[in-house]
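Listed below, chain by chain, are the residues.
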Amino acid sequence: MDTTWVNSKETSSPDYIEGILNFVNFTFEKSAKAGKILCPCRKCANLIWCSKEEVVDHLVEKGFLKNYNWTSHEKDSAVVNSSENRNEEDIAFNHDMRGLLQDAFAGVNMEDSIPNEVVDSFNSGREGSNQEPSMSENDMGGFFNLLKDAGQKLYPNCEENKLAAVVHLFHLKCLNGWSNKSFTQLLEYLSFLLPEGNVLPKSYSETKKIIRSLGLSYEKIHACPNDCMLFWKDKANDDFCSECGASRWIVNTNIEEDSIDCTMKKKKPKAAKILRWFPLIPRLQRLYMSSKTASLMRWHDEERTKDGLIRHPADSLAWKHFDEKYPDFAADPRNLRLGLASDGFNPFKSMNVTYSTWPVILIPYNLPPWLCMKQPNFILSLLIPGPKSPGNKIDIYMQPLIEELQQLWDTGIETFDASKGERFQLRAALLWTINDSPARAMLSGWSTRGEKACPCCGYNTESMWLYHSRKYCYMGHRRWLDRRHRYRHDKKSFDGNKELRMPPGRISGSEILSHADDVNIVEGESSQPLKKISIFFTLPYWQHNLLPHNVDMMHTEKNVFDNTYGTITDQDGKTKDNYKARCDLQDMGLRADLHPKPGSSNNSKLLPKACYQMTAKEKDAFFKVLKDIKLPDEYSCNISRCVQVKQRKIIGLKSYDCHILMEELLPVAIRGSLPKRVASIIIELCHLFKCLCAKVFKESDLDELKSQSAIILCEMEKIFPPSFFTVMVHLIMHLVEEVKLGGPVAYRWMYPIERFLLTLKNYVSNKAHPEGSIAEAYLSNECLTFCSRYLEGVETRFNRPLRNDDEDDREHFNEVEENLITPLGRPLGRAQIPMVVNLKKRKRVRRIKLDSQSLLQAHRYILFNTHEVTPFIEQHKDFLKKQHRSPRLSQFEIERRHSLTFHEWFRDRVTRMEQQGCVISEKIKWLSKGPSDVALTYSGYLVNGLRFHTKTHEKNLKTQNSGVAVISNTRSYSSRKDNQPVEGEINFYGVLQQIIKLNYSGFYKVVLFKCDWADTQRGCKKDEFGFTLVNFNRLSHTGSNPSDDPYIFASQASKVFYIEDAREKDWQVVKHVKVRGAFDLGEVIPIREDEVGGTDMASTWVRRDTEEEGIIVTLDMEVQNYDDEEIDD
């Protein structure tokens, strides 16, 4: 092809235009893909696929790349043609490396030293921008190397390029946790296997250099060893702290002072403390620069359901109030709302070593619910070094992050939006922080101990000093009751006083600032709750945030559980009812029945058995219930192994175990172990926590829930001693309010943060430098997280299948016909491997022959629950009515005969219609012929995101997955002659006995569950606390009668599990199981109002229903001290 026309300076000349048209026609004929080619203009730089018209316009306007390779499109055409000739099923991987590079480096401001062609290709539209260069020359060199690797074949005539191969292999290393040494050995062997001339890296270090160019960096900032200052900005070159005079370097004390200077000259000094700062701005920009995530950042505005329900932080009052106060910020939905979380952890996985590293994590709330709280979307901003917690000096380390947040609020940062193909000014605001109680005190400056420990009530916190227990208690919850509630005037049941005050308002940031102006804050002074003015107040909007710091639901629930469980079971060191607590009651003149009394010996005293304390027999029953529990798959850990029945205690509980116990298991175990008036209040407390953990809320229900929480806490004040009411118990009063302000707790609790801290802990490979190991490993994983969005055909963090993934894999079927109707769900263990005789493995699938009655029952259930058969059902009932006019059959008898004879009538009816030439669907034809009596049976099945096992299969397992529940629309007859049956929905509870798959001649396949169903009349009941109990010794629809219905569709089954309680022989408590990861569900469960606030505790504080005298107090117990504040935290 003649290329002389390219050098023409007149791009509008006829020769130039004709040359472009000839080139474009030739190129599209040879290498077009889906009507597009890689445009060779200076703007696109052979990176962007464009149509013919776009290519012509670009070449006329911008011209060709300098030193353009004219054979590149011909080579591309060969690759394209060869790939088109391949079978599509053979193409396993199709990695978009050009898209990755385009998103990773799009919109950067190149320096003038970079060739103009590439500058034009990425710097279009940046005229007049004042943004500082975002890439150094070294970074630009890395980009050019990546561009070269993306165009270099892995080996001659290979379709995969070098960059795609390296990214894929490194992704597998990170995803599967391969060691660096094993990865190097793999690369060496792969290089040996590949053809000669391959360019695969030979070691892990070479691979890391390539990958690192795709990622972002971090900066090291030296800090004072005493946390006084950062050696940063204008103090970057200082050697000593300007506050305390400490050296920034590690000084070897074994070396004489005169030789220190000589030693430092010979050897590079080491910093005593290093803060690792991961700049936030480029990481936020990448969320928009990536075409895979840019559109998701607008989900909260464009795709969120706006029906008045609270499902997401965007539905909360805090978000809406912020938008109203700053309408210019809210005008662009791409502006980011962030949450900040921080907590300390020991990176050494050993409690013998005292060390605390503090990461600071940012959470982007613009993302949809199923993404924003996932680890790949967490942004590590700061890594504060140990070995000690920074305490109130954490603000020193927060300076780089706060400066970035200030810039993102004031001016924003110019960012490229890949989803819209335009630039915009990105701004961001910090909505709140997520911390446990000690970390909240560090970040907010408000002490969570002492007289005013409640960070919500602030200076209006109601507290009382207990002289014997040597701590504060926090009561006074009658202030939140309705003004006309009778408890406000009840002196005897409470503290001897009336309560006429109104509830305190939530302390605001403006109030804190105004109070700080009036009071001189002295650091370390213990008499005032406000220890400092937080650095967050330097952000102009912070004082106006409605919810600047969250009360962490995870730690609150755990502390309340510890208090409750420790007190009712009288656990040594955990109970809040001891000799000192009784002495406090005596000093207050309350509950005389509980005051210490003289014991049988001169040196002992007797503590009467309180109404909230279990007897020995009740404790045995309580722990036996917990010991015998078998929980479903993916529900929690095996809690029964933590229960010590003989020692009457539970050991080794994690926070999530306490969550499960508090909301699900404690209410069941406590039935029958305490007096009803006490047990009902504890059950309602557990029910309150369960309601607070819902995923969807109505504002009206939250108002009711708040009033009920005040009643529950007041009821607890009437039962438990004042020492029970630590500040964590008091914070229950504010949890409902914070749901209204901030949205569901799942976006504001510490569970996902704690899991992320475990991930960071696992990054530590060099124990001499734990923070350095974490930083380097985080950068690699951050880079691979970004790259994995562009990998296709390979398992990544974003498409990894769930454990209970019920999507069926068609490759397991022996035959796949065009009209095959496959059932929902997926059987477990279906893939068959020839079994060795000596191996004793459970065979999870086998063929069986059904007896005639079981086959009839299964076939009938399918017919009665298939929509296409409904017209035939009505016709058959009319046929029976006409056939028996005299005497006329009752409705009950018609239903009975219809159930027994419909399948035969249906078969004959369809046969006659076929003979008459009527149009009948293929599905009806095959259904009328009936299924084969040979069926497949499985031991397990996944459907609707739930895992089911047969009762036989789980006999020796530690989990319970055989519980089944189904809601059926049933007709109830008072007698056989009743012609007006009552229709209604009834819950049926059963145990899965058999999973079968029926085959209708290969056309129609159905999976059915056969269960033992508890009789709804004799085998189901409600107890006095509202729990549903079932008895499987009283069954219905057993299958022994031809009219029985023991089968249901697998897709109809919901999952339950049963808890045995020896106190009620043969009866089991039913607990429902929710599907994990279902964000569109979450009903608000109302509090059972009739069971709250109906007890009169006056003169009933002592157990009079037991012969046990109480607790004998010795002299040692009288002087024993418990660090109660430490236990609470």
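Residues numbered from 1 in each chain as written. Predicted model: local features only at pLDDT ≥ 70, side-chain atom pairs only at ≥ 80, totals over all residues. Heavy atoms only, no water.

Once that is clear, we can look at the overall build of the chain. Along its length, the chain carries 34 helices and 32 strands. The buried share of the chain, taken over its 1129 residues, is 53%. A fraction of 69% describes how many contacts in the chain between residues 6 or more apart in sequence connect residues 24 or more apart. Counting only carbon and sulfur atoms, one obtains 48% of the accessible surface of the chain, whose full area is about 53700 Å². (Helix = DSSP H or I, 4+ residues; strand = E, 2+ residues; numbered from the N terminus. Buried < 20%, exposed > 50% of the residue type's maximum accessible area, 1.4 Å probe, protein only. Contact = heavy atoms within 4.5 Å. Areas by Shrake-Rupley, 256 points an atom, 1.4 Å probe, with all protein chains shown as cover.)

What follows covers the sheet that holds strand 18 (residues 826–827). What the 3 strands build is an open sheet, ordered 18-21-22; its pairing is antiparallel. With one partner strand each, in any of the chains shown, strand 18 and strand 22 (946–949) form the two edges of the open sheet. Pairing of strand 18 with strand 21 (residues 940–943), which is carried by 2 bridges, proceeds in the antiparallel orientation. Bridge pairing links R826 to L942 in strand 21. (Pairing = 2+ DSSP bridges.)

Under the defined criterion, the tally for this structure stands at 6 cavities of 30 Å³ or more. Of the volumes computed, that of the largest cavity is approximately 210 Å³. Surrounding the largest cavity, 16 residues form its lining, R440, P455, I512, P548 and H549 being those nearest its centre. Looking at the lining of the largest cavity, the elements with two or more residues in it are helix 17 (437–444) and helix 18 (509–518). Here the residues of the lining of the largest cavity are counted per class, giving 8 nonpolar, 6 polar and 2 charged. By volume, the second largest cavity amounts to about 120 Å³. Around the second largest cavity, the lining comprises 15 residues; the ones closest to its centre are S437, V551, D552, M728 and L731. Only helix 17, helix 19 (553–568) and helix 25 (727–730) provide two or more residues apiece to the lining of the second largest cavity. (1 Å grid on protein atoms, 1.4 Å probe; cavity = no way out; pocket = protein on both sides within 12 Å on 5 of 7 lines; lining within 4 Å. Points joined across faces, edges and corners; volume = space filled by probe spheres on them. Nonpolar A, V, L, I, M, F, W, Y, C, P; charged D, E, K, R; others polar.)

A few words now on the pairing of strand 22. Here strand 22 shows two buried faces, one formed by L946 and F948 and the other by R947 and H949. Sheet topology note: the strand 21/strand 22 ladder contains 4 bridges and is antiparallel. Counted as the bridge partner of V943 is L946 from strand 22.

One finds L284, M398, F906, L1008 and F1009 to be the most contacted residues of the largest nonpolar core, which totals 226 residues. Ranked by residue count, the leading element in this core is helix 23 (residues 676–692), at 11 residues. (Core = buried A, V, L, I, M, F, W, Y, C linked by side-chain atoms within 4.5 Å.)

The omega torsion across G386 and P387 is 10 degrees, close enough to zero to call that bond cis. In this structure, N944 takes a positive phi of about 55 degrees despite not being glycine. By secondary structure assignment, the location of N944 is in the loop between strand 21 and strand 22. According to the relative accessible area criterion, N944 is partly exposed, its value standing at 35%. The backbone of D1066 shows a phi angle near 75 degrees, a positive value even though the residue is not glycine. Checked against the element boundaries, D1066 lands in the loop between strand 30 (1054–1060) and strand 31 (1068–1072).

Attention shifts here to helix 8 (residues 180–193). Here helix 8 spans 20 Å end to end across 14 residues, near enough to the 20 Å set by a 1.5 Å rise per residue. Of the residues making up helix 8, those classed as buried are F183, T184, L187 and S191. One side of helix 8 holds all its buried residues, which, seen down the axis, span an arc of 100 degrees. In helix 8, the exposed positions angled more than 90 degrees off the buried face are occupied by K181, F192 and L193. Packed against the buried residues of helix 8 are helix 7 (162–176) and helix 9 (204–212). (Expected span 1.5 Å × (residues − 1). Arc of directions from axis to C-beta.)

On to helix 7, then. Residues three or four positions apart in an α-helix share a direction because the helix packs 3.6 residues into each turn. Over its 15 residues, helix 7 runs 21 Å from end to end, which matches the ideal 21 Å to within 8%, given 1.5 Å per residue. Burial analysis of helix 7 places 13 of its 15 residues in the buried class, the great majority of the element. If you check the start of helix 7, you find a side-chain oxygen 3.2 Å away from the backbone N of L163, and it comes from N161. Just downstream of helix 7, G177 is the residue with a positive phi angle, here 70 degrees. (Polar contact = N/O pair within 3.5 Å; in protein donor to acceptor, adjacent residues only side chain to side chain.)

On to the pattern of salt bridges, then. Taken as a whole and judged by the stated rule, the model has 46 salt bridges. The partner of R311 in a salt bridge is D307, and the shortest N-O contact between them spans 3.0 Å. The partner of R860 in a salt bridge is D1045, with the nearest N and O atoms 3.7 Å apart. Of this pair, R860 sits in helix 29 (residues 852–864) while D1045 sits in the loop between strand 28 (1035–1036) and strand 29 (1047–1049), placing them 185 residues apart in sequence. Residue R860 is classed as buried on the basis of its relative accessible area, which comes to 2%. One connected set of salt bridges, linked through shared partners, spans R298, E302, D332, R334, D417 and E422. (Salt bridge = Lys/Arg side-chain N within 4 Å of Asp/Glu carboxyl O.)

To continue, consider the side chain of S316. Residue position: S316 is located in the loop between helix 12 (299–302) and helix 13 (317–325). On the basis of relative accessibility, which here comes to 0%, the residue S316 falls in the buried class. Each residue touching S316, except ones within four places of it in the same chain, is listed here: K740, L741, G742 and G743.

Another point: the packing of helix 1 (residues 14–31) against helix 2 (residues 52–62). Relative to each other, helix 1 and helix 2 sit at 145 degrees, their axes nearing to 10 Å. Taken as a pair, helix 1 and helix 2 cross one another with a handedness that is right-handed. Contacts between helix 1 and helix 2 involve Y16, I17, I20, L21, F23, V24, N25 and F28 from the former and K52, V55, V56, L59 and V60 from the latter. (Axes fitted to C-alpha atoms, helices over the stretch in contact; angles between N-to-C directions. Left-handed = near helix turned anticlockwise from the far one by under 90°.)

A contiguous patch of negative charge on the surface is contributed by E53, E54, D57 and E61. Counting through the fold element by element, E53 comes out in helix 2. Here E53 falls in the exposed class, since its relative accessible area comes to 55%. (Patch = residues over 30% accessible without salt bridge, like charges linked within 9 Å, V, L, I, M, F, W, Y side chains within 5 Å. Lys, Arg positive; Asp, Glu negative; His and termini not counted. Charge placed at Lys NZ, Arg CZ, Asp CG, Glu CD.)

Here the focus is the confidence of the model for the chain. Across the chain, the average pLDDT comes to 83, with 82% of residues at or above 70. In this model, residues 1122–1129 is a region of pLDDT below 50 whose contacts with residues beyond four sequence positions or in other chains number 20 contacts. (pLDDT = per-residue confidence, 0-100.)

Pairing is mixed across the open sheet formed by 7 strands, whose spatial order is 4-3-5-8-7-6-11. Bordering the open sheet on either side are strand 4 (230–231) and strand 11 (428–434), each of which pairs with just one other strand. As judged from the 5 bridges shared by strand 6 (residues 336–342) and strand 7 (residues 358–364), these two strands associate in the antiparallel manner. Residue pairing for strand 7: L340 is matched across the bridge by L362. Here helix 13 sits on the sheet and contacts strand 6 and strand 11; the angle it forms with strand 11, its principal contact strand, is near 150 degrees.

Looking at the secondary structure, you find H555 in helix 19. When its relative accessible area of 14% is taken as the criterion, H555 is described as buried. Once residues within four sequence positions are removed from consideration, H555 is found in contact with D436, M728, M750 and E754.

To continue, consider the packing of aromatic side chains. Overall, the coordinates contain 45 aromatic pairs when judged by the stated rule. Here Y189 and F192 contribute two aromatic rings whose centre-to-centre distance is 6.4 Å and whose plane-to-plane angle is 25 degrees, an arrangement assigned as stacked. With Y189 and F192 both in helix 8 and 3 residues apart, this pair spans about one turn of that helix. Look at F192 and you get exposed, because its relative accessible area is 65%. Ring centres of F724 and F725 lie 5.4 Å apart, and the angle between their planes is 75 degrees; on these two criteria the pair is classed as edge-to-face. (Phe/Tyr/Trp six-rings, centres within 6.5 Å; stacked < 30°, edge-to-face > 60°.)

Contact geometry of helix 30 (residues 870–883) with helix 31 (residues 891–915) gives a least axis separation of 9 Å together with a crossing angle of 115 degrees. For the element pair helix 30 / helix 31, the angle class is roughly perpendicular. Viewed along their axes, helix 30 and helix 31 form a crossing whose handedness is right-handed. Across the interface between the two elements, F872, I873, Q875, H876, K877, F879, L880 and K881 of helix 30 pack against I894, E895, R897, H898, T901, F902, W905, F906, R909, V910 and M913 of helix 31. Within the contact of helix 30 with helix 31, the residues separate by chemical class into 10 nonpolar, 4 polar and 5 charged. (Parallel < 35°, antiparallel > 145°, perpendicular 65-115°, else oblique.)

Turning next to the environment of Y1058. With respect to the helices and strands, the residue Y1058 is situated in strand 30. Remark: the alpha-carbon pair of Y1058 and K1071, spanning 13 residues in sequence, is separated by 6.3 Å. With near-sequence residues (within four places) excluded, Y1058 lies in contact with Q960, G963, V964, Y989, G990, V991, V1030, F1032, Q1068, V1069 and V1070. Only 2.8 Å separates the side chain of Y1058 from the backbone oxygen of G990, close enough to count as a polar contact.

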